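# A look at the structure
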Amino acid sequence: MVETVQPALALNGTISLPPDKSISHRSVLFASLADGASTVHNYSSAADPESTVSCMRQLGVRIDKDDDNLVVHGVGRNGLKTPEDPLDCGNSGTTMRLLSGIVAGAGIESTLIGDESLSARTMKRIIDPLRSMGAVIEAADNEFAPIKIKPHSGIKPMRYPLPIASAQLKSCVLLAGLFGESDTEVVEQVPSRDHTERLLGLRSEPYGQGKIISSSRLDKLPTQSYTIPGDFSAAAFWMVGAAIHDESALVLENVGMNPSRTAALHILQQMGALIDITNERMQGREPVADIAIRSSELKSININPALIPNCIDELPILMVALCFADGRSSITGAEELRHKETDRLSAMYNILSAAGADVDLRPDGIIITGDPDFTPKAAEFESHHDHRMAMAAAILSSVSEEPSTILDAECTSISYPQFWTHLQRVSQ
Ligand code: S3P
């Protein structure tokens, strides 16, 4: 599908965000491992979380769905069944990496497959530690899906210093650790999102600059009532949208505010964005709040490499913000962006260049010289079937003077099926 984005003079209104994708996946995975029924309220209907539900059903977990509410009838750590068909993770890296930890830990004979984009993403980062823990795994070129997991003689606990700051890798190893007789210890020096530790209530203690998180068979996995907050990563598109448009104000309700996810908000505030946070509260184990953001005069910034894991999914839309900031900004230490649904560094460089922005691509980042009066050239933008590229290009295009088109725009359904409707509704 090709979507035409009309220029907007302003963005105004209130947006109810899609449910958080990372927490949605985890709620179903963790509820499946508990003994008994858990409820999940406000489950995401986006394609990625749907992939997780269908994989868990294939593994013998009954999941009842009523609108956006689920009842997950957990089967316990030892109750998963051998699936008859390959487990299709679709486009979802989180499904493939976290589920690999579970099925490899349990030693369930299964094959995990994905779409073209997911099959081109390296899984070596999870295969290596899982093999060290005793899992038996085959993969295409030893690195890519299909990932074949075979029964084994038991999980060997280990101490694992994370070689990259990745919540998917951390979660994969900790989930496999839940099947070991004694502690698997993951050493994390650079923090990444902590939903897994939080929602499972895993033990963690300070270690050097970071922490050690432990899991073992002895950790109890109680049934829970999960309520999924609005997705901060989706909120970031509207925060930038309101900030770069004149005469704009958007209110985002019930946004997940987990501190391991909100660096983009602090970066925008440092850039001078006018943001009000109200109604801060806890929803289950996750903090949430409402965010109001207005048209802002943005200053340039150098984004600190240590913050990259905390804003990895927001970097594409932050790059759009940098085009409107006064002066030279830089993003460094973001090589990981090249390993997402597409090479997001190159894809964003192409999108911003096509719009006439002053950008310079680096192996691990980008330099952007912004201008508060920047008017993006209308263009035909490639999304590369990547939801975050399509949404970043759309927000950028809404500031143009002529309509632009976004190719393969249906990919927004991966995380935000209502995005195009919401954009039309708030555009004036
Ligand atoms: C995610 C972790 C991040 C993020 C992805 C979701 C998660 O990936 O980019 O969209 O839910 O754990 P990495 O852990 O590979 O950086």
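Residues numbered from 1 in each chain as written. Predicted model: local features only at pLDDT ≥ 70, side-chain atom pairs only at ≥ 80, totals over all residues. Heavy atoms only, no water.

Pairing between the strands of a sheet comes from backbone hydrogen bonds, and it takes one of two forms, parallel or antiparallel. Pairing is mixed in the open sheet, where 4 strands are placed in the order E18-E19-E21-E20. The sheet is open, and its two borders are formed by strand E18 (302-303) and strand E20 (358-362), each paired with just one other strand. In this sheet, strand E21 (residues 365-370) lies alongside E20 in antiparallel orientation, the contact comprising 5 bridges. Pairing of aspartate 360 across the sheet is with isoleucine 367, part of E21. Together, E18, strand E19 (327-331) and E21 form the strand contacts of helix H10 (residues 315-323), whose direction differs from that of E21 by roughly 25 degrees. (Pairing = 2+ DSSP bridges. Helix = DSSP H or I, 4+ residues; strand = E, 2+ residues; numbered from the N terminus. Contact = heavy atoms within 4.5 Å. Axes fitted to C-alpha atoms, helices over the stretch in contact; angles between N-to-C directions.)

So, on to helix H5 (residues 124-132). Every buried residue belonging to H5 is among Arg125, Ile126, Ile127, Pro129 and Leu130, and all of these are buried. Buried-residue contacts for H5 involve helix H3 (93-106), strand E8 (136-140), strand E10 (159-161) and helix H6 (167-177). Just past H5, the residue glycine 134 takes up positive phi, approximately 100 degrees. (Buried < 20%, exposed > 50% of the residue type's maximum accessible area, 1.4 Å probe, protein only.)

Let's shift gears to the site of the ligand. Near the ligand you find Ser22, Arg26, Thr94, Arg97, Ser166, Ala167, Gln168, Arg193, Ile312, Asp313 and Lys340, and these make up its full shell. At 2.8 Å, a backbone N or O of alanine 167 approaches an oxygen atom of the ligand. For the ligand, whose free accessible area comes to 390 Å², the fraction covered by protein is 95%. At the level of secondary structure, the elements contributing two or more residues to the shell around the ligand comprise helix H1 (21-33), H3 and H6. Summarising the domain contributions, the shell around the ligand has at least three residues from each of domain 1 (3-19 + 229-426) and domain 2 (21-213). (Near = heavy atom within 4 Å. Polar contact = N/O pair within 3.5 Å; in protein donor to acceptor, adjacent residues only side chain to side chain. Areas by Shrake-Rupley, 256 points an atom, 1.4 Å probe, with all protein chains shown as cover. Domains from an automatic or database assignment.)

Moving on to unusual backbone geometry. Here the amide bond leading from alanine 145 into proline 146 is cis, since omega sits at 0 degrees, within 30 degrees of zero. Mapped onto the fold, proline 146 is located in strand E9 (residues 144-150). Here aspartate 141, not a glycine, exhibits a phi torsion of approximately 50 degrees, which is positive. Tracing the backbone shows aspartate 141 in the loop between E8 and E9. Taking relative accessible area as the criterion, aspartate 141 reaches 69% and is therefore assigned exposed.

This part is about the domain arrangement of the protein. Here the protein is described as being made up of domain 1 (3-19 + 229-426) and domain 2 (21-213). One C-alpha centre belongs to domain 1, the other to domain 2, and the line joining them spans 28 Å. Residue-level contacts link 26 residues of domain 1 with 28 residues of domain 2. Between domain 1 and domain 2 the total buried area reaches about 2,200 Å² when both faces are included, carbon and sulfur atoms providing 47% of it. Put simply, domain 1 and domain 2 have 3 salt bridges between them. A salt bridge links aspartate 313 to arginine 193; its shortest N-O distance comes to 3.1 Å. Counting only elements with at least two residues in the side of domain 1 that touches domain 2, the list comes to strand E17 (286-294) and helix H12 (387-397). Broken down by class, the residue content of the side of domain 1 that touches domain 2 amounts to 11 nonpolar, 6 polar and 9 charged. (Buried area = accessible area lost by both parts, 1.4 Å probe. Salt bridge = Lys/Arg side-chain N within 4 Å of Asp/Glu carboxyl O. Nonpolar A, V, L, I, M, F, W, Y, C, P; charged D, E, K, R; others polar.)

Below, the discussion takes up the pattern of salt bridges. Side chains that differ in sign of charge can pair as their charged atoms come close. A full pass over the atoms with the stated rule returns 26 salt bridges. A salt bridge links aspartate 386 to arginine 344, with the nearest nitrogen and oxygen atoms 2.8 Å apart. Placement of aspartate 386 in the loop between strand E22 (380-381) and H12 and of arginine 344 in helix H11 (residues 344-354) is noted, with a sequence separation of 42 residues between them. Both residues of the pair, aspartate 386 and arginine 344, belong to the buried class. A cluster of three or more residues bridged by salt bridges with shared partners is formed by Arg121, Arg193, Asp313, Glu341, Arg344, Asp386 and Arg388.

So, about the side chain of histidine 387. Here histidine 387 shows up in helix H12. Assessed through its relative accessible area of 0%, histidine 387 is described here as buried. Not counting residues within four places of it along the chain, the set of residues in contact with histidine 387 comprises Lys21, Glu341, Arg344, Cys411, Thr412, Ile414 and Ser415.

This brings us to the sheet that holds strand E16 (residues 274-283). With mixed pairing, 4 strands are arranged side by side in an open sheet as E2-E15-E17-E16. Taken across any chain shown, the strands that pair with only one partner, and hence form the sheet edges, are strand E2 (12-16) and E16. Taken pair by pair, the neighbouring strands of this sheet meet at an average axis angle of 15 degrees, ignoring direction. Of the strand pairs in this sheet, strand E15 (residues 249-256) and E17 are connected by 6 bridges, and their pairing is antiparallel. In the sheet register, valine 255 faces E17, and the bridge partner there is alanine 289. Along the sheet, helix H9 (residues 263-270) makes contact with E16 and E17, crossing E16 at roughly 155 degrees. The sheet strands contacting helix H13 (residues 419-426) are E2 and E15, and the helix crosses E2 at an angle near 155 degrees.

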